[in-house]
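# Structural characterization, general
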Amino acid sequence: MEAKTYEIISINVGKPKNFIYNGKEFVTGIQKQPVDGPVFLSFLNFSGDGQADLVHHGGRDKAVCVYPYDHYAYWEHELERKLNVAEFGENLTVKGLLETEVCIGDTFQLGEAVVQVSQPRQPCHKIAKKHRVNDLPLRVQHTGYTGFYFRVLKEGWVETPSRLQLIEKHPLNITVSFANQIMFHDKTNKEGIEQILRVDELSESFRDSLMKRLQSI
């Protein structure tokens, strides 16, 4: 059987820059732009990319932020404007790879590199500021249209255009959508939390959050 592949609409990078919102200045790496030509993907990020808040973003477990292009039509309707790629600060804008399908621990070939799903993306206040919509992070959580993160298992060059090719589905089949449901909505579901924690490939930060919640139930 031929391995399943997914179209990459764009690879997007950007260094942290100053941004003004409501008269206040802050630094963010959410302003990313598509790049042409081969891009090197290291264990930490694509060449030319960076994050301002290294406590909550970046690192090996969050080397690549992925967002499904399939959600763009919904957000264009909600925000009442045309959106360009990388509007959610993602490094990869991908078609067809949805939160309801992709599982934590799934591995993919990306050019020369090998990547693995580590956790859902947790929308933060910088999405709200970028789009000037204060409740946007909550709306992202509500829809489940969060995107997700890759860690890099093997570094390498990635051509543009390129495709993601599934190497292996994780046997526990814990989808990003299920992890979102437990994290944001069904917060006291002890069995659900324990199911997610059984995935060894889960990111350290997401695991810590669930462990603390489990202890408080």
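Everything here concerns the structure above.
All values derive from a computational prediction rather than experimental measurement. (Residues numbered from 1 in each chain as written. Predicted model: local features only at pLDDT ≥ 70, side-chain atom pairs only at ≥ 80, totals over all residues. Heavy atoms only, no water.)

### Some details on the side chain of S10
- Here S10 shows up in strand β1 (residues 5–13).
- In this structure the side chain of S10 is engaged in a polar contact, spanning 2.8 Å, whose partner is the side chain of N12.
- Here S10 is in contact with P34, V85, N91, L92 and T93, once residues within four sequence places are set aside. (Helix = DSSP H or I, 4+ residues; strand = E, 2+ residues; numbered from the N terminus. Polar contact = N/O pair within 3.5 Å; in protein donor to acceptor, adjacent residues only side chain to side chain. Contact = heavy atoms within 4.5 Å.)

### Notes on unusual backbone geometry
- P161 follows T160 through a cis peptide bond whose omega is 0°.
- Secondary-structure assignment places P161 in the loop between β11 (156–158) and β12 (163–168).
- In this structure, R132 is a non-glycine residue whose phi angle is positive, near 55°.
- With respect to the element layout, R132 can be found in the loop between α2 (125–131) and α3 (136–143).

### Quick look at the pairing of strand β8 (residues 107–110)
- Across four bridges, the pairing between β8 and strand β9 (residues 113–120) is antiparallel. Of the residues in β9, the one forming a bridge with L110 is A113.
- In textbook terms, the turn of a hairpin is the stretch between consecutive antiparallel strands, and for β8 and β9 this stretch comprises two residues, one of which, G111, has a positive phi near 60°.
- Bridge analysis of β8 against β12 gives four bridges, and the strand direction is antiparallel. Note on β12: the bridge partner recorded for Q109 is Q165. (Pairing = 2+ DSSP bridges.)

### What about the packing of aromatic side chains?
- Per the counting criterion, the structure on display carries eleven aromatic pairs.
- The interplanar angle of 80° and the centroid separation of 5.0 Å between the aromatic rings of Y74 and W75 together place this pair among those described as edge-to-face.
- Clustering of aromatic rings is evident, with ring pairs tying together Y67, Y69, Y72, Y74, W75, F88 and Y145.
- Above the face of the F43 ring, R60 is positioned so that its terminal group lies 4.5 Å from the ring centre. (Phe/Tyr/Trp six-rings, centres within 6.5 Å; stacked < 30°, edge-to-face > 60°. Lys NZ or Arg CZ within 6 Å of the ring centre and 35° of its normal.)

### Side note on helix α6 (residues 204–216)
- Across its 13 residues, α6 extends 19 Å between first and last C-alpha, which sits within 8% of the 18 Å expected from 1.5 Å per residue.
- Among the residues of α6, F206, L210 and R213 are the ones counted as buried. Within α6, the buried residues cover an arc of 60° as seen down the axis, which keeps them to one side. Away from its buried face by more than 90 degrees, α6 exposes E204, K212, Q215 and S216. (Expected span 1.5 Å × (residues − 1). Buried < 20%, exposed > 50% of the residue type's maximum accessible area, 1.4 Å probe, protein only. Arc of directions from axis to C-beta.)

### Quick look at the pattern of salt bridges
- Evaluated as defined, the whole model comprises nine salt bridges.
- Put simply, E76 and K82 hold a salt bridge, and the shortest N to O gap is 3.5 Å.
- Looking at E76, the relative accessible area reads 21%, which means it is partly exposed.
- Where K130 meets E87, a salt bridge forms, and the shortest distance between an N and an O atom there is 3.6 Å. Taken together, the positions of K130 in helix α2 and E87 in the loop between α1 (72–79) and β7 (92–95) put the pair 43 residues apart, joining distant regions of the chain. (Salt bridge = Lys/Arg side-chain N within 4 Å of Asp/Glu carboxyl O.)

### Brief notes about α1
- Buried within α1 are the following residues: Y72, W75 and L79. The arc enclosing the buried residues of α1, seen along the axis, measures out at 65°, which places them on a common side. Turned more than 90 degrees off the buried face of α1, the exposed positions are A73 and H77.
- Of the surrounding secondary structure, the elements contacted by the buried residues of α1 are β6 (64–68), β7, α2 and α3.
- Backbone geometry just downstream of α1 places E80 in the positive-phi region, at approximately 60°.

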